[in-house]
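Overview (structure and organization)
Listed below are the residues making up each chain.
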Amino acid sequence: MDYFPYRDGELHAEDAALSNIAEQFGTPCYVYSRAALENAFRQYQEALSGCDHLICYAVKANSNLAVLDTLARLGAGFDIVSAGELERVIAAGGEPSRVVFSGVAKKREEMALALELGIACFNVESAAELEVLADVAGAMGLCARISVRVNPDVDAQTHPYISTGLRENKFGVTTDEALRVYRRAAELDSIEVVGVDCHIGSQLTQISPFIDALKRLLELVDELEAEGITLRHLDLGGGLGVCYRDEQPPSIGDYIAAVRATLGERKVKLVFEPGRSIAANAGILLTRVEYLKTTPDHHFALIDAAMNDMIRPALYEAWLDIRQVNADADGHRARWDIVGPVCETGDFLGKDRDLALRQGDLLAVSGAGAYGFTMSSNYNSRPRAAEVMVEGEHVHLVRERESFADIIRGEHRLPPGN
Ligand code: LLP
């Protein structure tokens with residue numbers, strides 16, 4: 001199902017024309033499809049039916065309250081990495097009892113908030129963190145449910161910046177260290193061991209690294225069981241890739257089926273933390289061509305979105321499809337570099353794109369629903385973009401475009417004087 005189809009020569013988000021959205025809300029603007037989000041989430045639910053599970057959407061992928069609300073209404077849990085993300089989940093109507101807390105450097109205040117709200121589990125990433133968590137929980141007279149994040153040392157075969165499960169990465173602990181952390185955890189009164197966790201990277205396009213990681217986790221589960229430490233859940237993290245260009249990631253259904261087949265008859269609750277595979281293709285970034293400029297070497301389309309709005313091409317050399325909103329565009333056909341107004345050579349959203357452009361044309365950057373807005377900044381004092389969510393033909397403004405006052409909020413000049 002295509003949630004961003006061409007209809008009557010014009011690109012739509014569900015049943016809403018993108019040109020109308022641009023007119024009403026301005027550009028750059030993130031546009032999300034509620035149905036696309038729901039469809040992806042339901043694919044996880046269906047693949048996991050008949051099996052005890054919790055799907056914890058990774059909030060970092062897209063943390064807009066309307067996105068979280070959409071998923072919470074379907075019964076989602078959430079994977080958070082900060083108190084801010086936890087506050088967002090609560091503000092969006094999410095259930096703290098369905099939240100898992102990942103992250104390598106959780107602060108005491110963050111732990112305290114999560115304990116107070118009664119989250120499902122802390123994914124502990126080091127022996128030192130365990131001690132601090134035990135201390136915080138003990139002081140509050142509470143008990144923290146934990147799993148240990150294991151770094152299974154498997155190659156996720158993805159971009160090095162988003163690979164997290166190799167020995168050289170900062171995440172989790174080795175399987176040997178995990179044994180020691182679990183033994184220590186079992187001794188602590190304010191800690192309850194409930195699971196084991198890993199997350200080996202993002203945008204994985206093959207099933208085998210997931211299965212290798214799972215097998216290592218299962219060996220650990222068995223070793224712990226032999227020592228009398230029983231784990232109730234197994235969290236495989238997120239990481240399933242999507243198609244941006246010509247990648248062929250496994251479907252959600254095939255991925256989950258492979259996990260279930262590897263588990264066989266084991267009775268363990270499965271937890272997943274998908275972000276990208278739920279949100280990436282549920283969003284586009286709508287932008288307008290301000291100017292066209294041809295130099296001796298290049299054709300540049302200067303657009304009103306920039307690396308501050310969508311940093312993935314600059315940071316990871318990510319390729320995102322860029323489509324013209326008007327399918328019958330009869331502008332200047334050339335191979336265009338699609339670049340933003342920010343003063344950096346790395347400020348591009350696409351290079352060498354075959355498009356027929358005119359000044360003022362609208363473009364849609366695909367695959368922008370995950371790690372788009374959440375990674376945006378105010379670099380060059382640019383207000384962050386508006387976000388809208390489409391539901392059929394209805395368009396809801398789910399985040400207002402920032403104003404100048406928003407940008408400088410909290411800043412102060414020096415006291416008067418010289
Ligand atoms: N769980 C943990 C502990 C994570 O660190 C992440 C992502 C996820 C779940 C969700 O992974 P996903 O299903 O989205 O692959 N900014 C990068 C991606 C960074 C991912 C960081 N961790 C990008 O734009 O490609």
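Since we're looking at a predicted model, the values are computed, not measured. (Residues numbered from 1 in each chain as written. Predicted model: local features only at pLDDT ≥ 70, side-chain atom pairs only at ≥ 80, totals over all residues. Heavy atoms only, no water.)

**What about helix H3 (residues 65-73)?**
Burial in H3 covers these residues: Ala66, Val67, Leu68, Thr70, Leu71 and Ala72. Where H3 begins, one side-chain oxygen reaches toward the backbone nitrogen of Ala66, 2.7 Å away; that side chain belongs to Asn64. (Buried < 20%, exposed > 50% of the residue type's maximum accessible area, 1.4 Å probe, protein only. Helix = DSSP H or I, 4+ residues; strand = E, 2+ residues; numbered from the N terminus. Polar contact = N/O pair within 3.5 Å; in protein donor to acceptor, adjacent residues only side chain to side chain.)

**Observations concerning helix H9 (residues 252-263)**
The first and last C-alpha atoms of H9 sit 17 Å apart over 12 residues, in line with the 16 Å expected at 1.5 Å per residue. Residues of H9 that are buried make contact with helix H2 (34-47), helix H8 (208-226), strand S11 (233-235), strand S12 (269-272) and helix H10 (276-279). Downstream of H9 by a residue or two, Gly264 has a phi angle that is positive, lying close to 60 degrees. (Expected span 1.5 Å × (residues − 1). Contact = heavy atoms within 4.5 Å.)

**Some words on the packing of helix H7 (residues 175-187) against H8**
Put simply, H7 and H8 touch, their axes get as near as 11 Å, and they point 35 degrees apart. The two elements H7 and H8 cross, and the hand of that crossing is right-handed. Note on element contacts: H8 touches H7 through Leu220, Glu223 and Leu224, opposite Thr175, Ala178, Leu179 and Tyr182. Of the residues that constitute the contact of H7 with H8, the class distribution is 5 nonpolar, 1 polar and 1 charged. (Axes fitted to C-alpha atoms, helices over the stretch in contact; angles between N-to-C directions. Left-handed = near helix turned anticlockwise from the far one by under 90°. Nonpolar A, V, L, I, M, F, W, Y, C, P; charged D, E, K, R; others polar.)

**What to know about the confidence of the model for the protein chain**
Low-pLDDT portions of the prediction should not be read for the details of their coordinates. Mean pLDDT over the protein chain stands at 96; residues scoring 70 or higher make up 98%. This complex was scored by the predictor with a pTM of 0.97 and an ipTM of 0.99. (pLDDT = per-residue confidence, 0-100.)

**A word on the site of the ligand**
The immediate surroundings of the ligand are formed by 18 residues, with Ser202, Glu273, Arg312, Tyr316 and Tyr371 found nearest. Measuring from a nitrogen atom of the ligand, one finds a side-chain N or O atom of Asp79 at 3.2 Å. Note that a nitrogen atom of the ligand is positioned 2.7 Å from one of the side-chain N or O atoms of Tyr316. For the ligand, the protein covers 92% of the area, taking 590 Å² as the surface of the free molecule. The class makeup of the residues in the shell around the ligand is 6 nonpolar, 6 polar and 6 charged. (Near = heavy atom within 4 Å. Areas by Shrake-Rupley, 256 points an atom, 1.4 Å probe, with all protein chains shown as cover.)

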